[in-house]
Amino acid sequence: MGTTPSAQPLSTTAPPGPNRRRVATAAALASAVEWYDYFVFGIAAALVLGDLYFPAGSPTAGVLAAFATFAVGFLARPLGGIVAGQLGDRKGRKPMLVMALTLMGVATTGIGLLPTYETIGVAAPILLVLLRIAQGVAVGAQWGGAMLLATEYAPEGKRGLYGSVVQLGVPIGVVSANTVFLLAGALTSESAFESWGWRVPFLIGLLVLGLAWYIHTRVEETPEFRQAEEALAEKEQSERSSPLRTILRGHLGTVLLAGGSFAVNTATFYILITGVLDYTTRELDMDHGSVLAVSLGVSVTQLVLIPAAAALSDRFGRIRVYTIGAVGIALWAVPLFLLIDTGSLLWLGVASFVASCFLSIMYGPQAALFAELFTPEMRYTGASLGYQIAAVAGGGLAPFIMVLLLEATGTSMAVSAYIIALSVVALVSIKVLADRARSR
């Protein structure tokens, strides 16, 4: 199969040299700090937020409430994708990325300063939910802007590799969030950590505002957007259509297929970094610091695997590489939890590492794959919606569903079945996308 899964490849008019590297670096940093801010909530939800903000009921009920709040951020992500997509396809990629970074920095710092239920009562969980919604809107807006800065500046034959620098933001965010939580736990007593230590990772999120200012002042708009903007300027106002209307009228199927192809990746990822953290510490009595260390180590390996998979997609085709990852996730779903259930840190590491390999094989080429599904004038909207639909259907609900499945069935094999079901959806979606590409 060809590299491009649509009839609209990205152009290759990006300027060479230092400007291209500066943009790629800025996009990678923007993605990393945004995902760091987003992931610290998931870790805190598994460790402390249930007791501090949802104290009524059993420990399981508190965790479910915290994970439900975690999921709310995912439900807000399509809103961020729609708003930023509309404006990003009309006003530019850069201003929407700056807006997303600013909103994320403010929301994350707000969580770090938020009083607990014991201090302000029911206002505490309400404000926590609102701040989490703001985080969701921000990350929904961010991905498309960062991804398009990277891919629309990419040279010929390297769109997958350049797109992967944005994808690296996820493992960098995970590593950073886990590292900061590990340090906060190591440098404070258990009571101090529950009192104020957990807030430190959130307050560090304020640094994202400095990066937003750097991108605003030092990074230029992408050449592909400038070309699309010039083409649109030549049209009569009456002939123009909003990117969202264009997507809904003529490309909704592509958006839904993109989301269906990626939901298993986001679900499995959040099961590994959030659901498994809760499961191993609450059900298997494993030390949370050790489990975090395993998650950190596995995420470090993704820093190599993701760009490697992206580079392979530049050579052998996006769909082909993407499919290998989806098949691998399906085949590993059962061994994954059989190994985790041993309660051994070694087998937890092996299980997580193999799973992360297959996730990386999918995630590496995903940015370029989604970008190539849409033309420049609707690319921010279309790619963002596809990604955020997958985030809602997969990632946001996955830890919550995992807890429900474990409580209802008493076996982790129910979680494996959930992953396999999403893998089937992914493979069907990928096949339809590939068939459409061939027909064009």
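That block above? That's the structure.
Residues numbered from 1 in each chain as written. Predicted model: local features only at pLDDT ≥ 70, side-chain atom pairs only at ≥ 80, totals over all residues. Heavy atoms only, no water.

A.B. asks: Got a minute to help me understand the pattern of salt bridges in this structure?
C.D. replies: Two side chains carrying opposite charge are able to pair once their charged atoms lie near each other. Inspection of every chain in the model, using the stated rule, returns six salt bridges. E372 is the salt-bridge partner of R159, the closest N and O atoms lying 2.9 Å from each other. Of this pair, R159 sits in helix α6 (residues 159–167) while E372 sits in the loop between α16 (345–371) and α17 (379–396); the two residues are 213 residues apart in sequence, bridging distant segments of the chain. Accessibility expressed as a relative area gives 9% for R159, which makes it buried. Linking K431 and D435 is a salt bridge whose minimum nitrogen-to-oxygen distance equals 3.0 Å. One end of the pair, K431, and the other, D435, are both in helix α19 (residues 413–439), four residues apart, so they sit about a helical turn from each other. Taken together, the shared-partner salt bridges in this structure form one network comprising R159, D314, R318 and E372. (Salt bridge = Lys/Arg side-chain N within 4 Å of Asp/Glu carboxyl O. Helix = DSSP H or I, 4+ residues; strand = E, 2+ residues; numbered from the N terminus. Buried < 20%, exposed > 50% of the residue type's maximum accessible area, 1.4 Å probe, protein only.)

A.B. asks: How should I be thinking about a nonpolar patch on the surface in this particular structure?
C.D. replies: A contiguous nonpolar patch, built from Y117, I120, V122, I126, L127, L130 and I133 and spanning about 580 Å² of accessible area, is present on the exposed surface. Going through the elements one at a time, α4 (117–120) and α5 (123–151) are the ones with two or more residues in the nonpolar patch. Sorting elements by how many residues they give to the nonpolar patch places α5 first, with four residues. Structurally, V122 can be placed in the loop between α4 and α5. (Patch = residues over 30% accessible without salt bridge, like charges linked within 9 Å, V, L, I, M, F, W, Y side chains within 5 Å. Areas by Shrake-Rupley, 256 points an atom, 1.4 Å probe, with all protein chains shown as cover.)

None of this, on its own, says anything about what the molecule does.
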